[in-house]
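Secondary and tertiary structure notes
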Amino acid sequence: MSTVSPSVAALREAFGTGIERSLVSCGDTVVYVARERAHDVLTWLKGTPAQNFDYLTDVTAVDYRDPERPIELVYQLRSLPRRADLRVKVALDKRAPLEVRSVYDLWRGADWLEREVYDMFGIVFTGHPDLRRILMWETYAEGYPLRKDFPLRGHFSRAEQTRQALAANPEAHYSLEELSIAEAYDELPADMRERLARGERGFLK
């Protein structure tokens, strides 16, 4: 039988009511943290020597079918030196702005993870240095595909979805480095090289 992580008692001592509740699920300790204290708690979990959660394994979110339940933002942490795991959840009220402070300043690995959550759930990470869609194209206008109120086939017709996807111009939104073609620039078709040279985000030497 799994027991609750000793980090929970230390968190309650350090943050009091900022720790809303905890439980053990499938052998994992889950801690629910108040949104306004989330960044402080995560900073403490990373920087306190006795905790030392130095690896952010994942950032994701859960939207339940029950419209009354909040969206849960989930941080999966691991302490590599201690070989310990902890899951931290932050409940976000759907009736309020879905905003929470970015943890990019704590773990650089949060960069693409937070962008994915923003893209799929619409959660805004304030302070993120480059918060834009990562899976859907920049001008995608149907909403957030992993929200439970998102229609199975999207808001637009299949023809409209196809038309918008074909009209998207990824070269105008990503740098050469992001497209992983910087080294192959000379091998690109002339018209693509010209478009990249004019791109809003691209930078050519």
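Now for a quick tour of the structure. (Residues numbered from 1 in each chain as written. Predicted model: local features only at pLDDT ≥ 70, side-chain atom pairs only at ≥ 80, totals over all residues. Heavy atoms only, no water.)

**Some points on the overall build of the protein**
What counts here: Only DSSP runs of H or I with at least four residues qualify as helices, and only runs of E with at least two residues qualify as strands; both kinds are numbered from the N terminus onward. Relative accessible area decides the class of each residue, using a 1.4 Å probe on protein chains only: under 20% of the type maximum gives buried, over 50% gives exposed, and in between gives partly exposed. Should any heavy atoms of two residues lie within 4.5 Å, those residues are counted as being in contact. The Shrake-Rupley method, run with a 1.4 Å probe sphere, supplies the accessible areas, and residue values consider only the shown protein chains as cover.
A tally of regular secondary structure across the protein gives five helices and seven strands. The buried share of the protein, reckoned over its 205 residues, is 38%. Taking the intrachain contacts of the protein between residues at least 6 apart in sequence as the baseline, contacts between residues at least 24 apart amount to 49%. Carbon and sulfur atoms make up 52% of the accessible area of the protein, which amounts to about 12100 Å² in all.

**Looking at the sheet that holds strand 1 (residues 19-25)**
The following threshold applies: A pair of strands counts as paired when DSSP detects no fewer than two bridges linking them. Each axis is a line fitted through C-alpha atoms, and for a helix only the stretch in contact is used; angles between axes span 0 to 180 degrees, taken between their N-to-C directions.
Pairing is mixed across the open sheet formed by five strands, whose spatial order is 1-2-5-4-3. Pairing within the sheet leaves two strands with one partner each, and these edge strands are strand 1 and strand 3 (55-62). Across this sheet, the average inter-strand angle for adjacent strands is 20°, counted without regard to direction. The sheet strands contacting helix 2 (residues 38-47) are strand 1, strand 2 (28-33), strand 4 (71-79) and strand 5 (84-92), and the helix crosses strand 5 at an angle near 175°.

**Looking at the environment of Val-74**
Here Val-74 lies in strand 4. According to the relative accessible area criterion, Val-74 is buried, its value standing at 8%. Dropping the residues within four chain positions of it, Val-74 is found in contact with Asp-58, Val-59, Thr-60, Ala-61, Val-62, Arg-87, Val-88 and Lys-89.

**What to know about the packing of aromatic side chains**
The following threshold applies: Only Phe, Tyr and Trp rings are paired, with Trp represented by its six-membered ring, and only when their centres lie within 6.5 Å; those with planes under 30 degrees apart are stacked, over 60 edge-to-face, the remainder tilted. Both a distance and an angle decide whether a charge sits over a ring: NZ of Lys or CZ of Arg must be within 6 Å of the ring centre and within 35 degrees of the ring normal.
Evaluated as defined, the whole model comprises one aromatic pair. An angle of 90° between the planes, with centres 5.8 Å apart, marks the rings of Phe-15 and Trp-44 as edge-to-face. Taken as a pair, Phe-15 in helix 1 (residues 7-15) and Trp-44 in helix 2 lie far apart in primary sequence, 29 residues in all. Given the relative accessible area of 10%, Phe-15 is considered buried. We note Arg-21 situated over the ring of Tyr-32; from NZ or CZ to the ring centre the distance is 3.8 Å. Sitting above the plane of the Phe-53 ring, Arg-82 keeps its charged end 5.1 Å from the centroid.

**Remarks on the nonpolar core**
What counts, and what does not: Take the buried residues of types Ala, Val, Leu, Ile, Met, Phe, Trp, Tyr and Cys, join any two whose side-chain atoms come within 4.5 Å, and each joined set is a nonpolar core.
Core analysis: the biggest nonpolar cluster contains 38 residues, and Leu-42, Leu-45, Leu-56, Leu-73, Tyr-75, Leu-77 and Ile-123 have the highest contact counts within it. Mapped onto this core, the elements with two or more residues apiece are helix 1, strand 2, helix 2, strand 3, strand 4, strand 5 and helix 3 (110-121). Leaving out residues up to four positions away in the same chain, Leu-77 has contacts with Leu-42, Leu-45, Phe-53, Tyr-55, Leu-56, Thr-57, Ala-84, Asp-85, Leu-86, Val-88 and Trp-107.

**What about the pattern of salt bridges?**
Rule in force here: In the sections that follow, a salt bridge refers to a side-chain nitrogen of Lys or Arg positioned within 4 Å of a carboxyl oxygen of Asp or Glu.
All told, the structure shown has twelve salt bridges when counted by the stated rule. Ionic pairing is found between Asp-63 and Arg-147, a salt bridge with its closest N-O pair at 3.8 Å. With a gap of 84 residues between them, Asp-63 in the loop between strand 3 and strand 4 and Arg-147 in the loop between strand 7 (124-126) and helix 4 (158-167) connect regions that are remote in the sequence. For Asp-63, a relative accessible area of 5% gives the class buried. As a salt-bridge pair, Asp-130 and Arg-132 come within 2.8 Å of each other at their nearest N and O atoms. Each of the salt bridges in this network shares a partner with another, and the network as a whole consists of Asp-63, Lys-94 and Arg-147.

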